[in-house]
Amino acid sequence: MSLAAENVRFAYNGRPVLGDVSLALTPGRVTAILGINGAGKTTLLRCLGGLVRPGRGCVRLGGRDLREFSRREAARAIAYVPQSQQAERLTVFEAVLLGRRPHMGLRPGRRDLARVEAVLGALHLADLAFRRLDELSGGESQKTAIARALAQEPDALLLDEPTASLDLKNTLEVFDIVRAAVTANGVAAAAVLHDLSQAMRFADDFVLLAAGRIKARVDRAGLTPEIVREVYGVEVALGEVGGHPVAAPLRVADAA
Ligand code: ADP
């Protein structure tokens, strides 16, 4: 199901952060949201996830305004994984089971438990299932939050810097499992990413945000050194190593 922002404006205490942003996340594709610190990426993700209401414009899931969704409907349809997780006294198992809550009755059914088990297995979290969240490393808790989102089987998946605390192996595992879910279930996914090589490897579409506005929306071929320089103020070389796209930052660009 497509998730779309239409002419979204957002301000914190009267200070505009997003100005007239329109974009649509396509089912079965991953959109990378790129841009420098403070560009408005997290705010855009929070608007798309229904965590904050745009001052103007609207967000639509499958063509329907999010404001018409009940809390439970929205919680079932959209999964949002924030940058950092709160260390709660839940176990990993309980935290991932929370992803099933909008789907289940008072108690989890067989399908809920099977889904939780499958996700814990796929992300190699089974050994940590009964550890408490406040006893996990940053990477382990990030993986747990992603596991919870995948257990939810959402229509739209929003990830804010999903690999920031992950080592190389966990990064690739998370990308693979997210990609598998996106492809198998036609999930419309977006991820805020800082590493351009990772973004090019993981994402299909790229939205470049600058000062709360969309500078460019391109596919992989359209992500050029010129656009990167314009948005990040950095000269990069884009190439390929071992069949994978790589972005090498060269130097800070001269001011235009
Ligand atoms: P990005 O994710 O691209 O780094 P953010 O969306 O987090 O950008 O922030 C965009 C702007 O909004 C920044 O200038 C930031 O300081 C400001 N901002 C973010 N969150 C809040 C908040 N809760 N209250 C006030 N200003 C905020």
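Residues numbered from 1 in each chain as written. Predicted model: local features only at pLDDT ≥ 70, side-chain atom pairs only at ≥ 80, totals over all residues. Heavy atoms only, no water.

**A word on the overall build of the protein chain**
Scanning the protein chain from terminus to terminus reveals eight helices and 12 strands. For 256 residues, the compact-globule estimate of 2.2 N^0.38 gives 18 Å, and the protein chain sits close to it at 18 Å. Viewed in the frame of its principal axes, the protein chain has a C-alpha envelope of about 60 × 45 × 30 Å. In the protein chain, which comprises 256 residues, the share counted as buried stands at 48%. Sequence-distant contacts, at least 24 apart, represent 64% of the contacts inside the protein chain between residues at least 6 apart. Element-wise, carbon and sulfur atoms account for 50% of the exposed surface of the protein chain, whose accessible area totals about 12,700 Å². Of the side-chain charges in the protein chain, 33 are positive and 29 negative, and the distance between the mean point of each set is 6 Å. (Helix = DSSP H or I, 4+ residues; strand = E, 2+ residues; numbered from the N terminus. Rg over C-alpha atoms; globule rule 2.2 N^0.38 Å. Buried < 20%, exposed > 50% of the residue type's maximum accessible area, 1.4 Å probe, protein only. Contact = heavy atoms within 4.5 Å. Areas by Shrake-Rupley, 256 points an atom, 1.4 Å probe, with all protein chains shown as cover. Lys, Arg positive; Asp, Glu negative; His and termini not counted. Charge placed at Lys NZ, Arg CZ, Asp CG, Glu CD.)

**What to know about the site of the ligand**
Near the ligand the following residues occur: Tyr12, Arg15, Val17, Ile36, Asn37, Gly38, Ala39, Gly40, Lys41, Thr42 and Thr43. Arg15 has a polar side-chain atom sitting 2.9 Å from an oxygen atom of the ligand. Protein chains shield 59% of the accessible area of the ligand, which is 560 Å² for the free molecule. At the level of secondary structure, the elements contributing two or more residues to the shell around the ligand comprise β2 (15–25) and α1 (41–48). The dominant element in the shell around the ligand, judged by the number of residues it contributes, is α1, at three residues. Split by residue class, the shell around the ligand holds four nonpolar, five polar and two charged. (Near = heavy atom within 4 Å. Polar contact = N/O pair within 3.5 Å; in protein donor to acceptor, adjacent residues only side chain to side chain. Nonpolar A, V, L, I, M, F, W, Y, C, P; charged D, E, K, R; others polar.)

**Thoughts on the pairing of strand β8 (residues 188–192)**
The two faces of a sheet get side chains in turn, since along a regular strand they alternate between them. Most of β8 sits inside the fold, with five of its five residues counted as buried. Residues of β8 alternate between two faces, with Ala188, Ala190 and Val192 on one and Ala189 and Ala191 on the opposite face, all of them buried. As paired strands, strand β3 (residues 30–34) and β8 are joined by four bridges and run parallel to one another. For Val30, the partnering residue across the bridge sits in β8 and is Ala189. For strand β7 (residues 156–160) and β8, the ladder comprises five bridges, and the chain directions are parallel. What sits directly across from Leu159, in β8, is Ala191. Handedness of the crossover joining β7 and β8 through helix α6 (residues 168–185) is recorded here as right-handed. (Pairing = 2+ DSSP bridges. Right-handed = clockwise from strand over helix to strand, strands pointing away.)

**Re the environment of Arg29**
Tracing the backbone through its elements, the reader meets Arg29 in the loop between β2 and β3. Residue classification places Arg29 among the partly exposed residues on the basis of a relative accessible area of 31%. For Arg29, the residues in contact, after removing those within four places along its chain, are Val182, Val187, Ala188, Ala189, Asp204 and Asp205.

**Let's talk about the pattern of salt bridges**
Tallying each qualifying case throughout the model produces 16 salt bridges. Of the charged contacts, one joins Glu235 and Arg229 as a salt bridge, the two residues approaching to 3.3 Å between their closest N and O atoms. Among the residues examined, Glu235 registers a relative accessible area of 21% and is labelled partly exposed. One salt-bridge network, in which partners are shared between bridges, spans Arg100, Arg111, Asp112, Arg115 and Glu153. (Salt bridge = Lys/Arg side-chain N within 4 Å of Asp/Glu carboxyl O.)

**Notes on the pairing of β7**
Burial within β7 is extensive, with five of its five residues counted as buried. Of the two faces of β7, both are covered, the one formed by Ala156, Leu158 and Asp160 as well as the one formed by Leu157 and Leu159. Pairing of strand β6 (residues 78–81) with β7, which is carried by four bridges, proceeds in the parallel orientation. Bridge pairing links Tyr80 to Leu158 in β7.

**A word on the nonpolar core**
With 54 residues, the main nonpolar core has Leu34, Leu123, Leu157, Phe206 and Leu208 as its most contacted residues. Excluding residues within four positions of it along the chain, Leu157 makes contact with Ala79, Ala149, Leu150, Val178, Val187, Ala188, Ala189 and Ala190. If you look at the next biggest cluster of nonpolar residues, it comprises 29 residues, including Leu23, Leu25, Ile78 and Val207. (Core = buried A, V, L, I, M, F, W, Y, C linked by side-chain atoms within 4.5 Å.)

**Thoughts on unusual backbone geometry**
The backbone phi angle of His124 is positive, close to 55 degrees, even though this residue is not glycine. Its identity as a non-glycine residue notwithstanding, Glu153 has a phi of 50 degrees, on the positive side. Structurally, Glu153 is set in the loop between α5 (138–151) and β7.

**Overview of α5**
Here α5 contains 14 residues, and its C-alpha end-to-end distance of 20 Å stays within 8% of the 20 Å for a straight helix at 1.5 Å per residue. Among the 14 residues in α5, 11 count as buried, and that is most of the element. For α5, the complete set of buried residues consists of Gly139, Ser141, Gln142, Lys143, Thr144, Ala145, Ile146, Ala147, Ala149, Leu150 and Ala151. On its buried face, α5 sits against β6, α3 (92–97), α4 (110–122), β7 and α6. (Expected span 1.5 Å × (residues − 1).)

The quantities given are spatial measurements derived from coordinates; they are silent on function.
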